[in-house]
Amino acid sequence: MSDTTYQKFVKRWEEVTDIPPQTLGPLTGVYKQITKRLKVMPWPWFVAASIGFVLALYVLVGSTITILTSLLQGGF
């Protein structure tokens, strides 16, 4: 009795935990290339993205970014 219950449990466990690979249609190749590099060493990408974000904010908002930063720091 116990053995059949265990076998049913294992079969159900395999059904539940078997996840198909992630696909994004035509962007699947790009997604896999990006995630492959992020999994190995993410910090340089995070630093580059944050620098790009700050530069984009500076272009959009200008020197008002310092006032915005001071305002946000005051909240913490």
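Computed from a prediction, not measured in an experiment: that's the story for all the values here.

J.: How should I be thinking about the packing of aromatic side chains in this particular structure?
T.: Two numbers describe a pair of aromatic rings. These are the distance of the centres and the angle of the planes. Under the defined criterion, the tally for this structure stands at 2 aromatic pairs. For the ring pair F9 and W13, a centre distance of 6.0 Å and an interplane angle of 35° mean the geometry is tilted. In this pair, F9 and W13 are both assigned in helix α1 (residues 2-17), 4 residues apart and thus about one turn of the helix distant. Judged by its relative accessible area of 47%, F9 falls in the partly exposed class. Classification of W13 as exposed rests on a relative accessible area of 51%. Considering the side-chain rings of W43 and F46, the 5.4 Å spacing of their centres and the 80° angle between planes classify their relative orientation as edge-to-face. Of this pair, W43 and F46 both sit in helix α3 (residues 42-61), 3 residues apart, which is roughly one turn of the helix.

J.: So what exactly am I meant to see when it comes to the environment of S70 here?
T.: By the secondary structure assignment, S70 is in helix α4 (residues 64-75). The sequence separation of S70 and K32 amounts to 38 residues, and the corresponding C-alpha distance is 39 Å.

J.: What's the story with the pattern of salt bridges in this structure? I'm lost.
T.: Once their charged atoms are close, side chains differing in charge can pair, the charge on each being opposite to the other. Under the defined criterion, the tally for this structure stands at 1 salt bridge. Across the pair R12 and E15 runs a salt bridge, and its minimum N-O distance is 3.2 Å. Here E15 and R12 lie together in helix α1, a separation of 3 residues that amounts to about one turn. What makes E15 partly exposed here is its relative accessible area of 46%.

What counts as what
- Residues numbered from 1 in each chain as written.
- Predicted model: local features only at pLDDT ≥ 70, side-chain atom pairs only at ≥ 80, totals over all residues.
- Heavy atoms only, no water.
- Phe/Tyr/Trp six-rings, centres within 6.5 Å; stacked < 30°, edge-to-face > 60°.
- Helix = DSSP H or I, 4+ residues; strand = E, 2+ residues; numbered from the N terminus.
- Buried < 20%, exposed > 50% of the residue type's maximum accessible area, 1.4 Å probe, protein only.
- Salt bridge = Lys/Arg side-chain N within 4 Å of Asp/Glu carboxyl O.

Functional significance is not addressed by these values, which are geometric in nature.
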